[in-house]
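# Summary of structural features
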Amino acid sequence: MTSNKRGPGLPRNFKLMEELEKGEKGIGDGTCSYGLTDGDDMLMSHWNGTILGPGHSVHENRIYSLRLYCGDSYPDVPPTVSFVSRINLPCVNQNTGLVDSSRLACLSNWKRNYGLETVLTELRREMALPQNRKLPQPPEGSFY
């Protein structure tokens, strides 16, 4: 087991297996989901995520696809997250879809007990914030 300033915890593969099981069962109210990109990915590094846009916002009835990458140091280091679907949010690079980890609280203040669900639900909360809920959005069905 590795340890750092946050202390020891679940080894990477155990944490990712736990997340895989949770993702397969479905999380919360079904507004966010995730799973492995390739079931044969023995390192469990590459993940797909989906966020259903929050109601009463420009995101309502939209389905956003994301890519998440859990590197060798995960969960001590947050995953790399990028949108596949185009979206206009302050924390997302408009040219690449990459989520700027310094502009999303759960990534900039990462704790090893956070997971993929944490990131997806936090991004959905960002969409619903008063300053973001009415931002003009790219055409539905456009991708990075």
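Rules used throughout
Residues numbered from 1 in each chain as written. Predicted model: local features only at pLDDT ≥ 70, side-chain atom pairs only at ≥ 80, totals over all residues. Heavy atoms only, no water. Helix = DSSP H or I, 4+ residues; strand = E, 2+ residues; numbered from the N terminus. Rg over C-alpha atoms; globule rule 2.2 N^0.38 Å. Buried < 20%, exposed > 50% of the residue type's maximum accessible area, 1.4 Å probe, protein only. Contact = heavy atoms within 4.5 Å. Areas by Shrake-Rupley, 256 points an atom, 1.4 Å probe, with all protein chains shown as cover. Lys, Arg positive; Asp, Glu negative; His and termini not counted. Charge placed at Lys NZ, Arg CZ, Asp CG, Glu CD. Polar contact = N/O pair within 3.5 Å; in protein donor to acceptor, adjacent residues only side chain to side chain. pLDDT = per-residue confidence, 0-100. Salt bridge = Lys/Arg side-chain N within 4 Å of Asp/Glu carboxyl O. Phe/Tyr/Trp six-rings, centres within 6.5 Å; stacked < 30°, edge-to-face > 60°.

### Here we look at the overall build of the protein chain
Looking only at helices and strands, one finds three helices and four strands in the protein chain. Element order for the protein chain, N to C, with α for helix and β for strand: α-β-β-β-β-α-α. Over its C-alpha atoms the protein chain spans a radius of gyration of 15 Å, differing by no more than 12% from the 15 Å that the globule rule assigns to 144 residues. Taken over the C-alpha atoms alone, the protein chain extends approximately 45 × 30 × 30 Å along its principal axes. Burial analysis of the protein chain (144 residues in total) assigns 43% to the buried set. Taking all contacts inside the protein chain whose residues are at least 6 apart in sequence as the whole, residues at least 24 apart take part in 54%. About 7900 Å² of surface is accessible on the protein chain, with carbon and sulfur atoms providing 52% of the total. In the protein chain, 16 side chains carry a positive charge and 16 a negative one; their mean positions are 8 Å apart.

### Remarks on the environment of Asn 13
The topology assignment puts Asn 13 in helix 1 (residues 12–25). Under the relative-accessibility criterion, Asn 13 is labelled partly exposed at 38%. Separated by 29 residues in the primary sequence, Asn 13 and Met 42 have C-alpha atoms spaced 9.3 Å apart. Residues in contact with Asn 13, not counting those within four places in the same chain, are Leu 43 and Met 44. A distance of 3.3 Å separates polar atoms of two side chains, one belonging to Asn 13 and the other to Arg 12.

### Examining the side chain of Arg 12
By the secondary structure assignment, Arg 12 is in helix 1. There is a polar contact of 3.2 Å between the side chain of Arg 12 and the side chain of Ser 45. Ignoring anything within four residues of it in the chain, the contact list for Arg 12 reads Leu 43, Met 44, Ser 45, Cys 70, Gly 71, Asp 72, Tyr 74 and Pro 75.

### So, the confidence of the model for the protein chain
Averaged over the protein chain, the pLDDT score is 92; the fraction of residues at 70 or greater is 94%. Counting interchain partners and residues more than four positions distant, the pLDDT-below-50 stretch residues 1–7 has 13 contacts.

### Looking at the pattern of salt bridges
Any two side chains of opposite charge can pair, on the condition that their charged atoms come close. Overall, the coordinates contain three salt bridges when judged by the stated rule. One salt bridge connects Glu 117 with Lys 22, and the closest N-O pair in it is separated by 2.7 Å. Within this pair, whereas Glu 117 is found in helix 3 (residues 116–128), its partner Lys 22 is found in helix 1, the two being separated by 95 residues in sequence. The partly exposed category is assigned to Lys 22, whose relative accessible area is 43%.

### Describing the packing of aromatic side chains
Applying the stated criterion across every chain, the model contains four aromatic pairs. Ring centres of Tyr 64 and Phe 83 lie 6.2 Å apart, and the angle between their planes is 85 degrees; on these two criteria the pair is classed as edge-to-face. Of this pair, Tyr 64 sits in strand 3 (residues 63–69) while Phe 83 sits in strand 4 (residues 80–83); the two residues are 19 residues apart in sequence, bridging distant segments of the chain. For Tyr 64, a relative accessible area of 1% gives the class buried. Centroid distance Trp 110 to Tyr 114: 5.6 Å. Interplanar angle 90 degrees. Geometry classified as edge-to-face. We classify Trp 110 as buried; its relative accessible area is 4%.

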